[in-house]
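Read off the chains here:
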Amino acid sequence: MSIAVEHLTKLFGQQKAIDSISFRAEPGKVMGFLGPNGAGKSTTMRILTSFIPQTSGRATVCGFDVAREALEVRRVVGYLPEHNPLYPELYVKESLGFVANIHGLQNKRQRISDVIGLTGLGDEQHKKIGQLSKGYRQRVGLAQAIIHDPKVLILDEPTSGLDPNQLSGIRKLIRDLGASRTVVFSTHIMQEAEAVCDHIVIINKGNIVADDALSSLRGVHPGRTLEEIFISLTGSNAIAH
Ligand SMILES: Nc1ncnc2c1ncn2[C@@H]1O[C@H](COP(=O)(O)OP(=O)(O)OP(=O)(O)O)[C@@H](O)[C@H]1O
């Protein structure tokens, strides 16, 4: 099991962002982590990538404890944060080189060239980050996340800001990456989750309200789209958990 989350809770002051959540994610599958605004997705992802500590509970990534083994966790995880912080003054290749150095990659030039190809950055690779459109900046974030060939990818809204042509390319990339890795990604686009994910976890107000294979979820809610299922579990008429 690549990701194991057990009774994870995070409090920001009085605010309970996540409330004793548990789920698992395994290799060779793409897990869609869905939920309304403020449900707790980014908070969970930031804990899983050792960026912030949980208040209680436990999470491991490839067997490493996210609270106690942050360095090991960062070696095995590729993370695209929600706001994708990048240095606007750096050229695309410089920015990838910077991240490659942090990971101490030996085959730096080759990996930079590989991820530029994989993320479709070829035509824009000679620009500065600040000169790129939002969608291409998102691709740089993705390229940075995968440059060290991590076993686990955690992608917080990786397709936000992409135009329809770019969307299909990045969705295919996520699927391809998920064939041999563990991928957890969040999105507000339910059709995208249906197209890309094998497994769906839905979080609402800090609680998990669905955790199942996409096919099983459909079986439990026959004739409904994922969007309808999502609304029934998280909308104002949803049954409280
Ligand atoms: N640093 C923080 N300090 C205080 N409260 C926070 C902090 N970060 C998140 N929260 C709160 O925790 C809750 C969960 O937020 P989170 O960003 O995890 O939600 P999300 O599911 O990622 O939402 P969105 O879909 O809008 O990105 C929200 O109520 C949010 O206001």
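Under an unreviewed UniProt entry, the name given to the protein chain is ATP-binding cassette domain-containing protein, and the organism recorded is Hufsiella ginkgonis. The annotation that UniProt attaches to the protein chain under Sequence similarities (unreviewed entry) is "Belongs to the ABC transporter superfamily."

1. Describing the site of the ligand
Near the ligand you find Phe12, Gln15, Ala17, Gly35, Asn37, Gly38, Ala39, Gly40, Lys41, Ser42, Thr43 and Glu82, and these make up its full shell. When contributions to the shell around the ligand are tallied by element, the ones reaching two or more residues are β2 (15–25) and α1 (41–48). No other element matches α1, which puts three residues into the shell around the ligand. Taken together, the residues of the shell around the ligand sort by class into three nonpolar, seven polar and two charged.

2. Digging into the sheet that holds β2
The antiparallel open sheet is built from four strands, whose spatial order is β2-β1-β4-β5. For this open sheet the edge positions go to β2 and β5 (64–65), each flanked by a neighbour on one side alone. Strand direction decides the pairing type here: strand β1 (residues 3–12) and β2, joined by seven bridges, are antiparallel. Each residue of the ladder has a partner; that of Leu11, found in β2, is Lys16. Lying over the sheet, α1 contacts β1, β2 and β4 (56–61), oriented at roughly 115° with respect to β1.

Criteria and cut-off values
Residues numbered from 1 in each chain as written. Predicted model: local features only at pLDDT ≥ 70, side-chain atom pairs only at ≥ 80, totals over all residues. UniProt positions renumbered as here; feature names shortened; annotations may be inferred. Near = placed C-beta within 6 Å. Helix = DSSP H or I, 4+ residues; strand = E, 2+ residues; numbered from the N terminus. Nonpolar A, V, L, I, M, F, W, Y, C, P; charged D, E, K, R; others polar. Pairing = 2+ DSSP bridges. Contact = placed C-beta atoms within 7 Å. Axes fitted to C-alpha atoms, helices over the stretch in contact; angles between N-to-C directions.

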